[in-house]
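# Fold and geometry: a report
Spelled out from the first residue to the last, the chains are:
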Amino acid sequence: GQHLLSVKDISLDLIDELFIVAESMRPYAGRQKVTRVLEGAVLGNMFFEPSTRTRVSFGSAFNLLGGEVRETTGLSNSALAKGESLYDTAQVLSGYSDIIAMRHPKAGSVKEFSLGSRVPVINGGDGPNEHPTQALLDLFTIKNELARQNKSIQNLSLTLLGDLKHGRTVHSLCQLLALYRNLKIQLISPAELAMPTKYVDLLVNAGHQVEVGTTLEQGLPQANIIYQTRIQEERFSSQQEANLYRGYFRLNKQIYAQHCQPDAVIMHPLPRDSRNEANELDNDLNAMPGLAIFRQTDNGILVRMALFACILGVEDIIQNYEQTVNW
Ligand code: CP
């Protein structure tokens, strides 16, 4: 087995294989597919920064493959708070686990941890740096949403919107999209929260048509997929500074009707900020067929099941499994 620390570890061939396995895990007839192929295996689910969907979907995906989950949440609940190094923590935890998923607030921390680990480590988000499994489930969702409209990835016109400076999900997604050629990508943010140059350069060097802008009008009309993000207030030097940008770009039913293509798909890595002063994705969009945010979170289970299976070498077994949950 090997680590998944960065989307740089992933090739197009691997993505294609992973997505075939993920698709084979899709529930049918309303029933979740389940296998016991990882019976006896233990996932160390180490989340040293808040998480709902990444943490729970890693755990659920492992359970659906028959494995068990041991969980740590919060830095203050671990011996890291007593000054233990990531290396030592990894040595200890990898003795208790067959594979580890980890999130930590510091960029580079998951890689540092992996150097002490005797089992594969999956990056569940390291500060503002990367979130590779989110990028994989986002790409899986993009392809699925385009397929629902009889389109392919080559038809993609994608607008990334919001805090492109601090958002690790869009940083990882740009690196995945750089594996493709000739896509249309619009990067729309407040000027101060622009996509870091290294990711823009990656997209341009891949031959994509990249447009950078600061207004919704520059990003919405041509997009068939709109990827909204939250202002990452926890990455700013002060709450006052973050507040300058919260609510800067709002998407709601009226703005959608005014600016977007009628079948435009809206994605968001979530959580969306539901507080009035921020509220980048309004509840009045909830009933819209194009709102794909909970299809994204459902896809997260499938992609993480496929990842565990591929990293632990059981992907051929689960693809042919037919068993479903009976309740
Ligand atoms: N998208 C995402 O990473 O969500 P959580 O922070 O809830 O895991």
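Please read these numbers as outputs of a predicted model, since none were measured by experiment.

## With respect to the overall build of the protein
Each helix and strand in the protein was counted, giving 12 helices and 9 strands. Taking 20 Å as the expected radius of gyration for a compact globule of 327 residues, we find that the protein reaches 20 Å, a close match to that expectation. Viewed in the frame of its principal axes, the protein has a C-alpha envelope of about 55 × 50 × 40 Å. Counting across all 327 residues of the protein, residues that qualify as buried make up 42%. Sequence separation of 24 or more characterises 78% of the internal contacts of the protein that already satisfy a separation of 6 or more.

## Focus: the environment of Ser117
Within the element layout of this structure, Ser117 appears in the loop between helix H4 (109-114) and strand S4 (121-126). Of the residues examined, Ser117 has 24 C-beta atoms within 10 Å and is grouped as buried. Measuring from C-alpha to C-alpha, the distance between Ser117 and Ala223 comes to 42 Å, with 106 residues separating the pair along the chain.

## Things to note about the packing of helix H1 (residues 12-24) against helix H11 (residues 293-312)
Contact pair H1 / H11: the axes reach a minimum separation of 8 Å and the direction vectors enclose 120°. What the angle tells us is that H1 and H11 run oblique. As for how H1 packs across H11, the hand of that crossing is right-handed. Every residue of H11 that contacts H1 at Glu17, Leu18, Val21 and Ala22 is listed here: Leu302, Val303, Met305, Ala306, Leu307, Ala309 and Cys310. Residue composition of the contact of H1 with H11, grouped by class: 10 nonpolar, no polar and 1 charged.

## Some details on the sheet that holds strand S3 (residues 99-104)
Adjacent strands of a sheet form backbone hydrogen bonds with each other and so pair up, either parallel or antiparallel. Taken in spatial order, the 4 strands make up an open sheet running S2-S1-S3-S4, and their pairing is parallel. Every interior strand has two partners, whereas the edge strands, strand S2 (68-73) and S4, have only one. Looking at each pair of strands side by side, their axes are set apart by 10° on average, direction ignored. Relative to S3, strand S1 (residues 42-47) runs parallel, the two being bridged by 5 bridges. The partner of Met46 across the bridge, within S3, is Met102. Where helix H2 (residues 53-64) meets the sheet, its contacts fall on S1, S2, S3 and S4, and the angle it forms with S1 comes to roughly 180°.

## Side note on the pairing of strand S7 (residues 209-213)
As paired elements, strand S6 (residues 184-188) and S7 share 5 bridges and run parallel to each other. In the strand pairing of S7, Ile188 is matched with Gly213. Running through helix H7 (residues 197-205), the crossover from S6 to the neighbouring parallel element S7 is right-handed.

## Here's the deal with unusual backbone geometry
Across the junction of Leu270 and Pro271, the peptide omega takes the value 0°, indicating a cis bond. For Pro271, the position within the fold is in the loop between strand S9 (265-267) and H11. Unlike most non-glycine residues, Asn182 shows phi in positive territory, near 60°. Along the chain, the position of Asn182 falls in the loop between helix H6 (168-177) and S6. For Leu270, which is not a glycine, the phi torsion comes out positive at approximately 65°. Within the secondary structure, Leu270 sits in the loop between S9 and H11.

## Some points on the site of the ligand
With respect to spatial proximity, the complete set of residues near the ligand consists of Ser51, Thr52, Arg53, Thr54, Arg55, Gly125, Gln134, Pro269, Leu270 and Pro271. Here the shell around the ligand is built from residues that sort into 3 nonpolar, 5 polar and 2 charged. For the shell around the ligand, the domains that each give at least three residues are domain 1 (7-129 + 297-319) and domain 2 (132-293).

## Focus: the environment of Gln218
With respect to the element layout, Gln218 can be found in helix H8 (residues 216-219). Placed 82 residues apart in sequence, Gln218 and Gly300 show a C-alpha to C-alpha distance of 30 Å. If sequence neighbours within four positions are ignored, Gln218 has contacts with Gln186, Ile188, Glu211 and Gly213.

## Brief notes about the domain arrangement of the protein
Examined at the domain level, the protein breaks down into domain 1 (7-129 + 297-319) and domain 2 (132-293). With centres defined by C-alpha atoms, the gap from domain 1 to domain 2 works out at 25 Å. Listed as interface residues are 21 residues of domain 1 and, on the opposing side, 18 residues of domain 2. Contributing elements (two or more residues each) for the side of domain 1 that touches domain 2: H1, H2, S4 and H11. Considering each element in turn, the side of domain 1 that touches domain 2 owes the most residues, 6 residues, to H11. Residue composition of the side of domain 1 that touches domain 2, by class: 9 nonpolar, 9 polar and 3 charged.

## So, H11
Along its 20 residues, H11 runs 29 Å from first to last C-alpha, staying within 8% of the 28 Å computed at 1.5 Å per residue. One or two residues past the end of H11 sits Gly313, with phi positive at roughly 80°.

What counts and what doesn't
Residues numbered from 1 in each chain as written. Predicted model: local features only at pLDDT ≥ 70, side-chain atom pairs only at ≥ 80, totals over all residues. Helix = DSSP H or I, 4+ residues; strand = E, 2+ residues; numbered from the N terminus. Rg over C-alpha atoms; globule rule 2.2 N^0.38 Å. Buried ≥ 20, exposed ≤ 12 C-beta atoms within 10 Å, placed from the backbone. Contact = placed C-beta atoms within 7 Å. Axes fitted to C-alpha atoms, helices over the stretch in contact; angles between N-to-C directions. Parallel < 35°, antiparallel > 145°, perpendicular 65-115°, else oblique. Left-handed = near helix turned anticlockwise from the far one by under 90°. Nonpolar A, V, L, I, M, F, W, Y, C, P; charged D, E, K, R; others polar. Pairing = 2+ DSSP bridges. Right-handed = clockwise from strand over helix to strand, strands pointing away. Near = placed C-beta within 6 Å. Domains from an automatic or database assignment. Expected span 1.5 Å × (residues − 1).

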